[in-house]
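# Structural overview
Single-letter residue listing:
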Amino acid sequence: LAMQIISSHPASLKTDRRLQMMEVLSKACGPFGMAAGQTFDITVMNDGDISADLLDDIYKLKTGALFTACIELGRLASADDDEFNQQALQQFGDCIGFAFQIQDDILDIITSTESLGKPQGIDVKNNKITYPRLHGMQHAKDKVQQLYQEALEAINYLGDDAQLLRELTGYMLQRQK
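These numbers were taken from a predicted model, which means no experiment stands behind them. (Residues numbered from 1 in each chain as written. Predicted model: local features only at pLDDT ≥ 70, side-chain atom pairs only at ≥ 80, totals over all residues. Heavy atoms only, no water.)

Attention now moves to the packing of aromatic side chains. Per the counting criterion, the structure on display carries 4 aromatic pairs. On the numbers, 6.2 Å between centres and 85 degrees between planes, the contact of Phe98 with Tyr131 is edge-to-face. Of this pair, Phe98 sits in helix α5 (residues 83-110) while Tyr131 is found in helix α8 (residues 131-135), placing the two residues 33 residues apart along the sequence. In this pair, the class of Phe98 matches that of Tyr131, namely buried. Put simply, the rings of Tyr59, Phe98 and Tyr131 touch in pairs and so form one group of aromatic residues. When the ring centre of Phe100 is taken as reference, the NZ or CZ atom of Arg175 above it lies at 3.6 Å. (Phe/Tyr/Trp six-rings, centres within 6.5 Å; stacked < 30°, edge-to-face > 60°. Helix = DSSP H or I, 4+ residues; strand = E, 2+ residues; numbered from the N terminus. Buried < 20%, exposed > 50% of the residue type's maximum accessible area, 1.4 Å probe, protein only. Lys NZ or Arg CZ within 6 Å of the ring centre and 35° of its normal.)

With 12 residues, helix α10 (residues 163-174) extends 17 Å from end C-alpha to end C-alpha; this agrees with the ideal 16 Å at 1.5 Å per step. Taken together, the buried positions of α10 are occupied by Leu165, Thr169 and Met172. Taken end-on, α10 shows its buried residues confined to a sector of 65 degrees, consistent with a single buried face. Opposite the buried face of α10, by more than 90 degrees, sit the exposed residues Leu164, Tyr171 and Gln174. Contacts made by the buried residues of α10 are with α4 (52-76), α5 and α9 (137-155). (Expected span 1.5 Å × (residues − 1). Arc of directions from axis to C-beta. Contact = heavy atoms within 4.5 Å.)

What follows is the structure in structure tokens.
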């Protein structure tokens, strides 16, 4: 559906921009993005010997690739061709995507089933390796804060133009589900 909307929406986007957008989205969802992350999640996340680097890579594929793509799609929908902006927004997306996934792990442990909207502790019940399990709860919380701060720093130079991204980051930091 997303590809259909990108290809046929009446917005005044040039064909090359639409193709770029479809490439970004398909890459983020495909075998080098979210699909790969989900595959790893299903196949190796119960392996007690999983390395911290592999866990980080899985999180970056599973959630980070899609967050980064969403930010890039917004940029591509604009007239912005500035490579520095592209890199800054990619850094922003990478950071919030990684933070979001770690925060999900934390919320699975500390938030009630009623608040989460899914069974609390499902990761522990399924013996799943998570960031808090591998690094400890405090380190996980600190990492989330660090990543959100890095995300904000990446877009700081944009001034008021990045206000909505700052608000999104604040909302994500405070979320409870």
